[in-house]
Amino acid sequence: MQDWLEARVQATPDKIALIANPSENRHDSITYKQLNAQVAVMTQRWHNAGIQRGDHVGMVIPPFPLSVAQIFTAMRVGVVFVPINTRLTHQEMIQQLQQADCKWVLPYGDADTLREIRDAGLTIANLDKDGDSNAPDSQDVDLNAPFAIIHTSGTSGMPKETNKYLFAFETV
């Protein structure tokens, strides 16, 4: 399967893809072309950090629209994406990251959160690392591979891993 975002850029590069801050008096919009450029930069940074297809990558969800770009990066690289809710305690975050067998954690979140995650023995990806300037081109999406591991909210106890989810975009 082709890269949905790249196909959208070919079809409508200047069409608005995301609108941030819609409830405020002003809003910032991002076109498909701009979003794709952000994803290309992040794909390169993930490659330089050593993140590879099939790795489980945890992310304490950053502010929108960065989180949307990270999701498209995860699809492009072919990792199993593990979003972590910022409202969880540090211990609950660490439990979810460990339960999902995360090889990497993206460096988003406050300093205390990242220190606790690192102290628990999890690897924070260095996305500022210089390296090979040529990340692999977009790869075909394996529709049989899991894309994300989602956890329950924990309303009846500790949050638990649900089934692995696959998100596929079949239309442009």
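Before reading on, note that the structure itself is shown above.
Residues numbered from 1 in each chain as written. Predicted model: local features only at pLDDT ≥ 70, side-chain atom pairs only at ≥ 80, totals over all residues. Heavy atoms only, no water.

## Some details on the overall build of the chain
Reasoning step 1: From N to C terminus, the chain includes five helices and seven strands.
Reasoning step 2: Going from the N terminus to the C terminus, the chain shows its helices and strands as α-β-β-α-β-α-β-α-β-α-β-β.
Reasoning step 3: Buried positions account for 40% of the 172 residues belonging to the chain.
Reasoning step 4: Long-range pairs, those at least 24 residues apart, make up 62% of the contacts in the chain with a sequence separation of at least 6.
Reasoning step 5: Accessible area of the chain: about 9700 Å², with a carbon and sulfur share of 48%. (Helix = DSSP H or I, 4+ residues; strand = E, 2+ residues; numbered from the N terminus. Buried < 20%, exposed > 50% of the residue type's maximum accessible area, 1.4 Å probe, protein only. Contact = heavy atoms within 4.5 Å. Areas by Shrake-Rupley, 256 points an atom, 1.4 Å probe, with all protein chains shown as cover.)

## Regarding helix 1 (residues 4-11)
Reasoning step 1: All buried positions along helix 1 are accounted for by W4, L5, A7, R8 and V9.
Reasoning step 2: Its side-chain oxygen at 3.0 Å from the backbone nitrogen of L5, D3 defines the N-terminal cap of helix 1. (Polar contact = N/O pair within 3.5 Å; in protein donor to acceptor, adjacent residues only side chain to side chain.)

## What about the nonpolar core?
Reasoning step 1: Residues L35, W46, I51, F72 and L106 are the most contacted members of the largest nonpolar core, which totals 29 residues.
Reasoning step 2: Other than its neighbours up to four places away in sequence, I51 contacts W46, V57, V77, V79, W104, L106 and A125.
Reasoning step 3: With 16 residues, the next largest nonpolar core counts V82, L88, V105 and L114 among its residues. (Core = buried A, V, L, I, M, F, W, Y, C linked by side-chain atoms within 4.5 Å.)

## Topic: unusual backbone geometry
Reasoning step 1: The backbone phi angle of D101 is positive, close to 55°, even though this residue is not glycine.
Reasoning step 2: Structurally, the position occupied by D101 is in the loop between helix 4 (90-99) and strand 5 (104-106).

## Structural notes on the pattern of salt bridges
Reasoning step 1: Within the structure shown, the criterion is met by four salt bridges.
Reasoning step 2: Residue R76 pairs with E6 through a salt bridge whose shortest N-O separation is 3.8 Å. Highlighted residues: R76 in helix 3 (residues 66-77) and E6 in helix 1, separated in sequence by 70 residues.
Reasoning step 3: Look at R76 and you get buried, because its relative accessible area is 8%.
Reasoning step 4: For E6, a relative accessible area of 32% gives the class partly exposed.
Reasoning step 5: The shortest N-O distance in the salt bridge between D112 and R115 comes to 3.1 Å. With a gap of three residues between them, D112 and R115 both fall in helix 5 (residues 111-119), about one helical turn apart.
Reasoning step 6: Residue classification places D112 among the partly exposed residues on the basis of a relative accessible area of 41%.
Reasoning step 7: Under the relative-accessibility criterion, R115 is labelled partly exposed at 40%.
Reasoning step 8: Because the salt bridges share partners, they merge into one network encompassing D3, E6 and R76. (Salt bridge = Lys/Arg side-chain N within 4 Å of Asp/Glu carboxyl O.)

## Section: the packing of aromatic side chains
Reasoning step 1: For the structure shown, the criterion picks out three aromatic pairs.
Reasoning step 2: With 5.8 Å between their ring centres and 15° between their planes, W4 and F72 make a pair best called stacked. On the criterion of sequence distance, the pair formed by W4 in helix 1 and F72 in helix 3 is long-range, its members being 68 residues apart. As far as burial versus exposure is concerned, W4 and F72 are alike and both buried.
Reasoning step 3: Judged by centre distance (6.0 Å) and plane angle (25°), the rings of F81 and F147 are stacked. (Phe/Tyr/Trp six-rings, centres within 6.5 Å; stacked < 30°, edge-to-face > 60°.)

## Re the pairing of strand 3 (residues 56-60)
Reasoning step 1: When you tally the buried positions in strand 3, you get five out of five residues, the bulk of the element.
Reasoning step 2: Pairing of strand 3 with strand 4 (residues 80-84), which is carried by five bridges, proceeds in the parallel orientation. The residue of strand 4 that forms the bridge with G58 is V82.
Reasoning step 3: Sheet analysis places strand 3 next to strand 5, joined by three bridges and oriented parallel. Residue pairing across strands places V57 opposite W104, the latter belonging to strand 5. (Pairing = 2+ DSSP bridges.)

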